[in-house]
Amino acid sequence: GAVVSQHPSRVICKSGTSVKIECRSLDFQATTMFWYRQFPKQSLMLMATSNEGSKATYEQGVEKDKFLINHASLTLSTLTVTSAHPEDSSFYICSARWTSPDTQYFGPGTRLTVL
Amino acid sequence: QQQVKQSPQSLIVQKGGISIINCAYENTAFDYFPWYQQFPGKGPALLIAIRPDVSEKKEGRFTISFNKSAKQFSLHIMDSQPGDSATYFCAASSRGSEKLVFGKGTKLTVNP
């Protein structure tokens, strides 16, 4: 199957700082990447859809100025959590779409803890 | 409005038994139904997927059964093993939409 990586896998930061999470498709070119947030014992919540070379499309209720998404190439998308607060602590997961228009392959996730 | 309803929320099965997880949907435009397996602290992994032109798809011990008229689909895990213990998510999407709609997940525990 297609491989998607995320970096870092874990990050701890102080309140008010910004954190960047990278999502890479390692063995294929992904025209579309997705960013999800997952709280403990809950399902995945789509935050935004990222298309290469264009602005991300955010889901209702997701602050675009707080969660900055950049999809500069067909293999890399980044999510920057700006001015992070403890309530932003969560598990962030990216996915990339490949071949079949519907098939999404997920990264391993990034655990963000904001102190 | 929850577009994909998944049940049960949790499931305990003995080793060697059959695990069955069910999902139901309302949107008749859905035409792609994947199942994902997620271990704690990891991202979801695509397990198996089906389209509505077939009623069943089998890959190893994993089978999806699809009932278009009832708008239901289910995952069957044959000969369940302790290593299958994970959370399973069903999902659905429609042609022309990039998004997957997820069920709430089922935590499967397979006892040795």
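Summary of the structure given here. (Residues numbered from 1 in each chain as written. Chains lettered and ligands numbered in written order. Predicted model: local features only at pLDDT ≥ 70, side-chain atom pairs only at ≥ 80, totals over all residues. Heavy atoms only, no water.)

## Some details on the sheet that holds strand β7 (residues 62-67) of chain B
Strand pairing in a sheet relies on backbone hydrogen bonds. The paired strands run either parallel or antiparallel.
Residue and element names in this part refer to chain B.
And then number 1: Spatially, the five strands line up as an open sheet ordered β1-β3-β8-β7-β6, and their pairing is antiparallel. Among the strands making up the open sheet, the edge pair consists of β1 (4-7) and β6 (56-59). In this sheet, adjacent strand axes meet at a mean angle of 15 degrees when their direction is disregarded.
And then number 2: Note that β1 and strand β3 (residues 19-25) share four bridges and pair antiparallel. Counted as the bridge partner of Gln6 is Cys23 from β3. (Pairing = 2+ DSSP bridges. Helix = DSSP H or I, 4+ residues; strand = E, 2+ residues; numbered from the N terminus. Axes fitted to C-alpha atoms, helices over the stretch in contact; angles between N-to-C directions.)

## What about the state of the cysteines?
And then number 1: Counting across every chain of the model gives two disulfides over all chains.
And then number 2: Residue Cys23 of chain A pairs covalently with Cys94 of chain A via a disulfide, S to S 2.0 Å. Handedness here is read from the sign of the S-S torsion; for Cys23 of chain A and Cys94 of chain A, about 80 degrees, the answer is right-handed. Placement of the pair is Cys23 of chain A in strand β3 (residues 19-25) and Cys94 of chain A in strand β9 (residues 90-97), with a sequence separation of 71 residues.
And then number 3: A relative accessible area of 0% means that Cys94 of chain A is categorised as buried.
And then number 4: Here Cys23 of chain B pairs with Cys90 of chain B through a disulfide, and the sulfurs are 1.9 Å apart. Its S-S torsion of approximately -95 degrees makes the covalent link between Cys23 of chain B and Cys90 of chain B left-handed. In this pair, Cys23 of chain B is assigned in strand β3 and Cys90 of chain B in strand β9 (residues 86-94), connecting sequence segments 67 residues apart.
And then number 5: Cys23 of chain B gets classed as buried once you look at its relative accessible area, which sits at 3%.
And then number 6: Given a relative accessible area of 0%, Cys90 of chain B falls into the buried group.
And then number 7: The closest cysteine sulfur to the non-disulfide-bonded Cys13 of chain A is located on Cys94 of chain A, 18 Å from its own sulfur. (Disulfide = S-S within 2.5 Å. Buried < 20%, exposed > 50% of the residue type's maximum accessible area, 1.4 Å probe, protein only.)

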